[in-house]
Amino acid sequence: MPETTARGYFMQYVFFLIIIGCALGNNVFKNLFAHGETVTDGDNAIYNVIACGIGAPMALIGQGFSAISGSSLLLSVLFGSSMAVVAISTIKALRQGPMSLTLLFGDFSMVIPILAGFLLWQESISAGKIAGILLMFAAIYFMVYRKGEAAGTKEAMGKWAFWASVYGLSCGLMSFFEAMQTKSGRGESAMFLFWGFTTATVVLLVYLVICSRKPETAMTVKLIGPENLNGLLVGIFGGISHIVTMKLLLLMDSSVLYPLKAGICIAANALLGRLLFKEKLTKRQGVGLVLGFAAVMLLTMAK
C-alpha cells in the first residue's frame, strides 16, 4: 500500500465516516420498518425487493456492463440467493428481538469464511481466532438462554434465536461466496455484484408472489408509501457503503478497516437501540453483548 499523504489521511476519515453513517442509517431504517404495526411476509418481501433492486444498478457505477464468466456467474447467483435469505431473516429477527443483539449475529458470520479458509485454502487459524470463536458461542449462550422465564417469552426468544441464526449463517455464506470469487483471481467484481443483487431481487419477487396467495401473508403496504421509501433508502445506503468501502480499501488495510468498523457499529447499535427504540437488555444479554464485542475484535484482529 502506497505511503499515505495528508490528503490521503483526510479522505480516509471522510470515507470511513460515510461508511459508518450508511451502516447505522441502514440498521435504524430496517428496525423502524420491522417494528411497524403490521409487517406481513409480503410486506417484508416487497420492502427487500426495492432495497436489493436498487443495488444492482449502483454496483455498475463507474464500471459499466460487461461480460462475466460462467464460474463467476454461478458464484454470483449463490451469493444473491444468500442475500435474499439475509434480507428476509433480518426483518423477521428484528421483529422478535433487540437490534443490538440481532445485528451482532451478522458480525459472527465471519466465522464461516475463517473456517472455509482453513478447510479449503489451507489458511491457518491462530489461537486468537480460536478464542474468538469460543467467545462467540459463549456470547450466543448468554444472549439466547434465559432460565426460568414464562413459556410465551421462551417461545418468542426461540423464534428470535432461529431467525437471528439464519441471518448470521446467510451472511457467512455471502462472505464465503465473495471470498471464493476474490480468490479465483478472475476480477469481474462489478458484474459479480450486479448479478448477485439481480438474483436476490428475482428470488424476493418469487417469494412475494408466493406470499400473495394467502391473505395472512399478502402485502398490505402501498407500493408507493413510506414503508417502501424506507426500503429505497436502505438500498441506497447499502450501495453507497459498498462503493465507498472499495475506494477506502485502496487507502487503508482491511485488517484495520473491518475491526474498526465492527467495533464502532456494535457499540453504536447498542446505544441507538437504547436511545431510539428503548431497548432494555437483561443482565445476561448485556454480558452476551460484551462477550460478542470481544469475540468480534478477536476474530477480526487476531493474526
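Because the structure is predicted, anything quoted here is derived from the model rather than measured.

Just checking my understanding: could you explain the packing of helix α1 (residues 6–34) against helix α4 (residues 70–96) for this structure?
Helix-helix packing: each pair is described by the crossing angle between the helix axes and the interaxial distance. Between α1 and α4, the shortest axis-to-axis distance is 9 Å and the interhelical angle comes to 70 degrees. Accordingly, the angle class assigned to the pair α1 and α4 is roughly perpendicular. Once α1 is placed against α4, the crossing between them reads as right-handed. Contact with α1, carried on its side by Lys30, Asn31, Phe33 and Ala34, involves Thr90, Ile91, Leu94 and Arg95 of α4 and no other residues of that element. Here the residues of the contact of α1 with α4 sort into four nonpolar, two polar and two charged.

How do you make sense of empty space enclosed by the protein when you look at a structure like this?
It is a probe the size of a water molecule, rolled over the atoms, that shows where empty space is left. By the definition in use, this model includes one cavity of 30 Å³ or more. The space that makes up the largest cavity amounts to roughly 30 Å³. Residue lining of the largest cavity: Gly55, Met58, Ala59, Phe197, Gly239, His242 and Ile243, and that is the complete set. Elements supplying a minimum of two residues to the lining of the largest cavity: α3 (55–59) and α10 (226–248). Its residues placed into classes, the lining of the largest cavity shows four nonpolar, three polar and no charged.

Is there a simple way to think about the nonpolar core in this case?
Nonpolar side chains in soluble globular proteins tend to end up buried together. Phe108, Met143, Trp160 and Val296 are the most contacted members of the largest nonpolar core, which has 63 residues in total. The leading source of residues in this core is α4, at ten residues.

Can you help me understand the pattern of salt bridges in this one?
This structure, assessed with the given rule, holds one salt bridge. For the salt bridge of Lys92 with Asp41, the shortest nitrogen-to-oxygen distance reads 2.7 Å. Placement of the pair is Lys92 in helix α4 and Asp41 in helix α2 (residues 41–53), with a sequence separation of 51 residues. Assessed through its relative accessible area of 18%, Lys92 is described here as buried.

What is the right way to read a nonpolar patch on the surface from this model?
Side chains of Ile18, Leu229, Leu232, Leu233, Ile236 and Ile240 sit close together on the surface and give an oily, nonpolar patch of about 410 Å² of accessible area. Broken down by element, the residue count for the nonpolar patch peaks at five residues, all from α10. Relative to the helices and strands, Ile18 resides in helix α1.

Any chance you could explain the packing of aromatic side chains here in plain terms?
Any pair of aromatic rings gets described here by the distance separating the centres and the angle formed by the planes. Across all of its chains, the model carries eleven aromatic pairs by this definition. With a centroid separation of 5.0 Å and 45 degrees between ring planes, the pair formed by Phe79 and Phe192 is classed as tilted. With Phe79 in helix α4 and Phe192 in helix α9 (residues 189–211), this pair connects stretches of sequence that are 113 residues apart. For Phe192, a relative accessible area of 3% corresponds to the buried category. A ring pair is formed by Phe176 and Phe177, whose centres lie 5.4 Å apart and whose planes are at 55 degrees; its orientation type is tilted.

The rules behind the values
- Residues numbered from 1 in each chain as written.
- Predicted model: local features only at pLDDT ≥ 70, side-chain atom pairs only at ≥ 80, totals over all residues.
- Heavy atoms only, no water.
- Axes fitted to C-alpha atoms, helices over the stretch in contact; angles between N-to-C directions.
- Helix = DSSP H or I, 4+ residues; strand = E, 2+ residues; numbered from the N terminus.
- Parallel < 35°, antiparallel > 145°, perpendicular 65-115°, else oblique.
- Left-handed = near helix turned anticlockwise from the far one by under 90°.
- Contact = heavy atoms within 4.5 Å.
- Nonpolar A, V, L, I, M, F, W, Y, C, P; charged D, E, K, R; others polar.
- 1 Å grid on protein atoms, 1.4 Å probe; cavity = no way out; pocket = protein on both sides within 12 Å on 5 of 7 lines; lining within 4 Å.
- Points joined across faces, edges and corners; volume = space filled by probe spheres on them.
- Core = buried A, V, L, I, M, F, W, Y, C linked by side-chain atoms within 4.5 Å.
- Buried < 20%, exposed > 50% of the residue type's maximum accessible area, 1.4 Å probe, protein only.
- Salt bridge = Lys/Arg side-chain N within 4 Å of Asp/Glu carboxyl O.
- Patch = residues over 30% accessible without salt bridge, like charges linked within 9 Å, V, L, I, M, F, W, Y side chains within 5 Å.
- Areas by Shrake-Rupley, 256 points an atom, 1.4 Å probe, with all protein chains shown as cover.
- Phe/Tyr/Trp six-rings, centres within 6.5 Å; stacked < 30°, edge-to-face > 60°.

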